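Letter by letter, the chains look like this.
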Amino acid sequence: MSQFAKKDDDRDEDEYSPFLGIEKGAVLQEARVFNDSQLDSRRCSQVITKLLYLLNQGETFTKVEATEVFFSVTKLFQSKDIGLRRMVYLIIKELSPSSDEVFIVTSSLMKDMNSKTDVYRANAIRVLCRITDGTLLTQLERYLKQAIVDKNPVVASAALVSGIHLFQANPEIVKRWSNEVQEAVQSKAALVQFHALALLHQIRQNDRLAVSKLVTSLARGSVRSPLAQCLLIRYTSQVIREASAYDQSGERPFYAFLEGCLRHKSEMVILEAARAITELNGVTSRELTPAITVLQLFLSSSKPVLRFAAVRTLNKVAMTHPMDVTSCNIDMESLISDQNRSVATLAITTLLKTGNESGVDRLMKQITNFMSDIADEFKIVVVNAIRSLCLKFPLKYRTLMNFLSNILREEGGFEYKKAIIDSIVILIRDIPDAKECGLLHLCEFIEDCEFTYLSTQILHFLGVEGPKTPDPSKYIRYIYNRVILENATVRASAVSTLAKFGAMVDPLKPRIFVLLRRCLYDSDDEVRDRATLYLNTLGGDGSVVETDEDVKDFLFGSFDIPLVNLETSLKNYEPTEEPFNISSVPREVKCQPLAEKKSAGKKPTALGGPPAGPTSTVDTFEKLLSSIPEFSTFGQLFKSCAPVELTEAETEYAVNVVKHIFDKHVVFQYNCTNTIPEQLLENVVVVVDASEAEEFAEVATKPLKALPYDTPAQTFVAFEKPEGIPAVGRFSNVLKFLVKEVDPSTGEAEEDGVEDEYQLEDLEIVAADYMLKVGVSNFRNAWESLGPDFERVDEYGLGPRESLSEAVNAVINLLGMQPCEGTEVVAANSRSHTCLLSGVYIGNGKVLVRLSFGIDSSKEVAMKLAVRSEDESVSDAIHDVVAN
């Protein structure tokens, strides 16, 4: 063995692979050995092994090749060699013969299924169930039922596992096996009981009462298999989650069973029960205590897998119940030096979540030695935990900031360095006292930074936060050094940062002018152009300077126009006497809905318009609508909403609608597809009833002349609405057309047709249709730049909700705005949450929203809504949407 190990160390492991360099053609030639009159079992097994290797390496066989191999393999059933027979089973499963070939091996497999050799029986069951269809399954059903209750556990498990796989395609047949499966659950064989319980739950999974009864009956102690016990714990957790309330005694249903499993003799059952208890919704400290106690015992186990499982579970608990985990801190500190780096990393991050303020310094000393021994992905986890700890104990910012600064100077990859810089930036923003300290650390790092992207991001952040410090001049040297020593990309970014200091700090203006003039002689065009632009903007060349507010808005204002839209608009701009108007650029980028791929087995869906290209969706829709004379006078398109299906799947006609929002109009684009080959539809139109949308008046309709089979096309209906008003309403739709029969042989339609109609689903215009999802890169800066002049704040009761996450998603969907900085995600078991939203309201008004949620013990949710915008009426409109 040592000799082989030495070879593996010195040479490429693939050199010693017995399959290295084999070719499909050569192996197919070798497969002719299957046809020999005197079979060589060893040789046949080797050839099948090569075929399996090729298949698993992604090699594809043509239909002819696969068929030839399959027919040759079937001749091997005449061999009595057990090893070869098992290889035959494997190759048949991998080849997956077609339905017209299956019958060739069916008789042989059924013979093996009733054989006296148990290995044959089990494998034959697996193969038959893999290659069979529903028709053949009914013939096998009697044998499979018998196999489920077979005395041999290998055969019983094979039948049960096959049932689990068959349930996906033939659930009605498998459900008839319930009695046999129920009997197998009582088996003394561990694997049989495990597989039987899994199949029985699958059969009953859609019946909550049946699942509850199953858990109740088995929780009394009839499960002997540790694997089955783990499954039962998971099903019990599911029942607990779905239970609407506690019973009259105030106890959580089945909690006593979970707690009892903590005393099971199997370690896997104990861990599964502890994990289930810690993940209960609204779990209390009293309920957590027994689970944390057993997990604490596992922390000192000699088995690495138990230490890892325990510390990982405690790490998750520490996110929501840090105080309950503090009793394990001493045990976890000993794991910092654990040989398993995953265990050590989890121990450290858990300690960072549960530690107290007085122990921060000691913990940092322990972590310092540890960081050099772990990979970057583990270091990133530690950095994120340190950031959370600093936000928890802001008075310790100096210790933690120094630690982050020190590891920032050590070797590491891009993602690791980026995680540290992101953490420092967040601490600077959220802890005012840490601003100067953090900015200096970033300035020192940028001197030796090897990543261009990180250097530009630091410079951008310095330009935002540096001018706000008491002594901004101390950062100028670091910034200008980048102009001298760095590559062109970083130099250009440094020029922009200098200009921001000049705009925000008047005493520094003369010095900034001098530095920017030096940049006019730079070798890079971008650097020179930026220096020229900023000198003109700041008035450094003696020209007429813009107002201070204009300069600050130019340098600091949020750029909320998607670059892809700006690029497209600039390319389409034709030079005229009128300058390019940036307000005409669409502010929303959506996925391309104009050319949808047809999935196999699904109806084609027409979403209208020309084929997909490099042009943005907004521009494509705008060109499409402006080319129609009836809509050409509607002005600039504000928004095109995502398509809404008006028909169900697999119906005769597929129709969906795209809502196009203008300032004074709404256009419904009905995308229609005829899915019946024998029909041609003519004079296709959608008749819209707007009786439940009183503020809308129909002004134009564009019918569709002809709709052949599988050829998507569009018909349009336009409505007028009050200008700038977010009118809402419900519209009922009926598709009307003339049906003509088509001769399948010639493809020609009959001259006469029959008028027909097809009821479509109702369509709604809602408040979210008047809002564009436009994100901001820095919500805090954007919020401050809008100012409090048009801020509106109010509180609302949202009533009972299943969870805080449900309430947050409901409000986001109601307003139709873009969540910022990942605030749409709500932590598990959280009692409060803040969500930040941004968007552009109809009329191109910027809107920012800050939502503060709280949920009490009775699941009642309260919300504080703060809105800032550029117009008082817009802020009021957002509150009206929520209030109504």
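Position labels on residues start from 1 in each chain and follow its written sequence. In keeping with the model being predicted, local features are shown solely for residues with a pLDDT of at least 70 and side-chain atom pairs are shown and tallied solely at 80 or more, while totals for entire chains, interfaces and linings include all residues. To get the side-chain values, all heavy atoms of the structure are used, and hydrogens and water are removed first.

A. Broad picture of the packing of helix 21 (residues 341-354) against helix 23 (residues 376-392). The contact between helix 21 and helix 23 brings their axes to 8 Å, and the two run at 10°. For the element pair helix 21 / helix 23, the angle class is roughly parallel. Where helix 21 abuts helix 23, its residues Arg341, Ser342, Thr345, Ile348, Thr349, Leu352 and Lys353 lie against Phe378, Val381, Val382, Ala385, Ile386, Leu389 and Lys392. Counted by class, the contact of helix 21 with helix 23 contains eight nonpolar, three polar and three charged residues. Axis definition: a line fitted to C-alpha atoms, over the contacting stretch in the case of helices. Angles run 0 to 180 degrees between N-to-C directions. Put simply, DSSP H or I for four residues or longer makes a helix, DSSP E for two residues or longer makes a strand, and each gets a number counted from the N terminus. Comment on the angle field: the value is read as roughly parallel under 35 degrees, roughly antiparallel over 145, roughly perpendicular from 65 to 115, and oblique elsewhere. The contact definition used throughout considers only heavy atoms, calling two residues in contact when any of these lie within 4.5 Å. Gly is put with the polar residues, along with every residue not named as nonpolar or charged; the nonpolar set is Ala, Val, Leu, Ile, Met, Phe, Trp, Tyr, Cys and Pro, and the charged set is Asp, Glu, Lys and Arg.

B. Region of the structure containing the packing of aromatic side chains. Note on ring pairs: Phe, Tyr and Trp rings are taken, using the six-membered ring of Trp, and paired if centres are within 6.5 Å. Classes follow the plane angle, with under 30 degrees stacked, over 60 edge-to-face and the rest tilted. This structure, assessed with the given rule, holds 15 aromatic pairs. Connected via pairs of aromatic rings, a cluster forms that spans Phe668, Tyr670, Phe696, Phe719 and Phe731. A ring is scored as having a charge over it whenever the NZ atom of a lysine or the CZ atom of an arginine sits within 6 Å of its centre and within 35 degrees of its normal. Over the face of the ring belonging to Trp783 we find Arg850, whose NZ or CZ atom lies 4.6 Å from the ring centre.

C. Representation of empty space enclosed by the protein in the model. Space inside and on the surface of the protein is sampled on a 1 Å grid over the protein atoms alone, with a cavity defined as a set of points where a 1.4 Å probe fits but cannot get out and a pocket as an open set with protein on both sides within 12 Å along at least 5 of 7 lines; lining residues have an atom within 4 Å of a point. Grid points are joined across faces, edges and corners, and a volume is the space filled by probe spheres set on the points. Under the definition given, this model contains one cavity of 30 Å³ or more. Counted as a void, the largest cavity has a volume near 40 Å³. Lining the largest cavity are Ala767, Ala768, Met771, Leu814, Leu815, Tyr841, Ile878 and Val881. Among the elements of the structure, helix 36 (804-815) and helix 37 (872-883) are those that each provide at least two residues to the lining of the largest cavity.

D. Main features of the packing of helix 25 (residues 414-430) against helix 26 (residues 435-446). Viewed as axis vectors pointing N to C, helix 25 and helix 26 meet at an angle of 155°, and their least axial separation amounts to 8 Å. Taken together, the axes of helix 25 and helix 26 are roughly antiparallel relative to one another. Relative to helix 26, helix 25 is oriented so that their crossing is left-handed. Mapping the contact onto sequence places Lys417, Ile421, Ile424, Val425 and Ile428 in helix 25 and Lys435, Gly438, Leu439, Leu442 and Phe445 in helix 26. Should the near helix be turned anticlockwise from the far one by less than a right angle, the crossing is termed left-handed; should it be turned clockwise, right-handed.

E. Structural context of the pattern of salt bridges. Salt bridges are defined as contacts in which a side-chain nitrogen from Lys or Arg sits within 4 Å of a carboxyl oxygen from Asp or Glu. Evaluation of the coordinates by the stated rule reveals 34 salt bridges. Across the pair Arg482 and Glu447 runs a salt bridge, and its minimum N-O distance is 3.1 Å. Within this pair, whereas Arg482 is found in helix 28 (residues 476-485), its partner Glu447 is found in the loop between helix 26 and helix 27 (452-465), the two being separated by 35 residues in sequence. Where Lys659 meets Asp769, a salt bridge forms, and the shortest distance between an N and an O atom there is 2.9 Å. Linking Lys659 in strand 3 (residues 653-661) with Asp769 in the loop between strand 11 (763-765) and strand 12 (771-772), this pair joins segments that are 110 residues apart in sequence. Per residue, the accessibility class of Lys659 equals that of Asp769, and both read buried. Look at the salt bridges and you will find they share partners, linking Arg234, Glu272, Arg275 and Glu279 into a network. Only protein chains enter the area calculation, which uses a 1.4 Å probe; residues under 20% of their type maximum are buried, those over 50% are exposed, and those in between are partly exposed.

F. View of the side chain of Glu180. Within the secondary structure, Glu180 sits in helix 11 (residues 178-185). Under the convention used here, Asp and Glu are negative, Lys and Arg are positive, and both His and the chain ends fall outside the count. It turns out Glu180 is buried and unbridged, and the closest side chain with the opposite charge, Lys145, is 4.7 Å from it. Ignoring any residue separated from it by four or fewer positions in sequence, one finds Glu180 in contact with Lys145, Ile148 and Val149.

G. Quick peek at unusual backbone geometry. Of note in this structure, Asn683 is not a glycine but carries a positive phi near 50°. Position of Asn683 relative to the elements: it lies in strand 5 (residues 679-692). We note that Asp710 has phi near 55°; this positive angle belongs to a residue other than glycine. Positionally, Asp710 belongs in the loop between strand 7 (704-707) and strand 8 (713-720). For Asp710, a relative accessible area of 25% gives the class partly exposed.

H. Spotlight on helix 27. The span you would expect from a helix comes to 1.5 Å times its residue count less one. Between its first and last C-alpha, helix 27 extends 20 Å over 14 residues, near the 20 Å set by a 1.5 Å rise per residue. Counting buried positions over the 14 residues of helix 27 gives 10, a clear majority of the element. When helix 27 is considered as a whole, its buried residues turn out to be Leu454, Ser455, Thr456, Ile458, Leu459, Phe461, Leu462, Gly463, Val464 and Glu465.

I. Quick peek at helix 37. Here helix 37 spans 17 Å end to end across 12 residues, near enough to the 16 Å set by a 1.5 Å rise per residue. When helix 37 is considered as a whole, its buried residues turn out to be Val874, Ser875, Ala877, Ile878, His879, Val881 and Val882. Here the buried face of helix 37 lies against strand 12, strand 13 (792-800), helix 36, strand 15 (832-841), strand 16 (845-855) and strand 17 (860-869). A side-chain oxygen of the first residue of helix 37 lies 2.8 Å from the backbone nitrogen of Ser873; this N-cap is Asp871. Whenever a nitrogen or oxygen atom comes within 3.5 Å of another N or O atom, the pair is scored as a polar contact, on the condition that within protein one atom can donate a hydrogen and the other can accept it, and that pairs from neighbouring residues in sequence are kept only if both atoms are in side chains.

J. Quick peek at the environment of Thr651. By the secondary structure assignment, Thr651 is in the loop between strand 2 (644-645) and strand 3. When the C-alpha positions of Thr651 and Arg409 are compared, they lie 63 Å apart, and in sequence the two are 242 residues distant.

K. Quick peek at the environment of Ala749. Relative to the assigned elements, Ala749 resides in the loop between strand 9 (729-741) and strand 10 (754-759). By relative accessible area, which is 33% here, Ala749 ends up partly exposed. Taking the C-alpha atoms as reference points, Ala749 and Glu678, 71 residues apart in sequence, are found 8.7 Å from one another.

L. The arrangement of the pairing of strand 16 in detail. With 10 bridges connecting them, strand 15 and strand 16 associate as antiparallel partners. The residue bridging Ser838 from the neighbouring strand is Leu848, located in strand 16. Judged from the nine bridges that link them, strand 16 and strand 17 form a sheet pairing that is antiparallel. Paired with Ile855 across the strands is Val861, a residue of strand 17. Following DSSP output, two strands are said to pair if at least two bridges run between them.

M. The arrangement of the side chain of Arg491 in detail. Mapped onto the secondary structure, Arg491 falls in helix 29 (residues 488-504). Of note is the side chain of Arg491, whose polar atom sits 2.9 Å from the side chain of Asp522. When neighbours within four sequence positions are excluded, Arg491 is seen to be in contact with Arg482, Val483, Glu486, Asp522, Ser523, Asp524 and Val527.

N. Expanded view of the environment of Ala385. Along the chain, Ala385 turns up in helix 23. When neighbours within four sequence positions are excluded, Ala385 is seen to be in contact with Thr349 and Leu352.

O. A negative patch on the surface, seen in detail. Patches here are clusters of residues that have more than 30% relative accessible area and form no salt bridge, with a 9 Å joining cutoff for like charges and a 5 Å cutoff for nonpolar side chains (Val, Leu, Ile, Met, Phe, Trp, Tyr). Only the protein chains shown count as covering a residue, and every accessible area follows the Shrake-Rupley method with a 1.4 Å probe. Positions of charges follow a simple convention, taking NZ of Lys, CZ of Arg, CG of Asp or CD of Glu. Among the surface-exposed residues, Glu678, Glu741, Asp743, Glu748, Glu750, Glu751 and Asp752 lie close enough to one another that they form a single negatively charged patch. For Glu750, the position within the fold is in the loop between strand 9 and strand 10.

P. Summary view of the pairing of strand 5. As paired strands, strand 5 and strand 9 are joined by 10 bridges and run antiparallel to one another. Looking across to strand 9, one finds that Leu681 is bridged to Val739. Inspection of the sheet shows strand 5 paired to strand 7 by three bridges, in the antiparallel sense. What sits directly across from Leu681, in strand 7, is Leu707.

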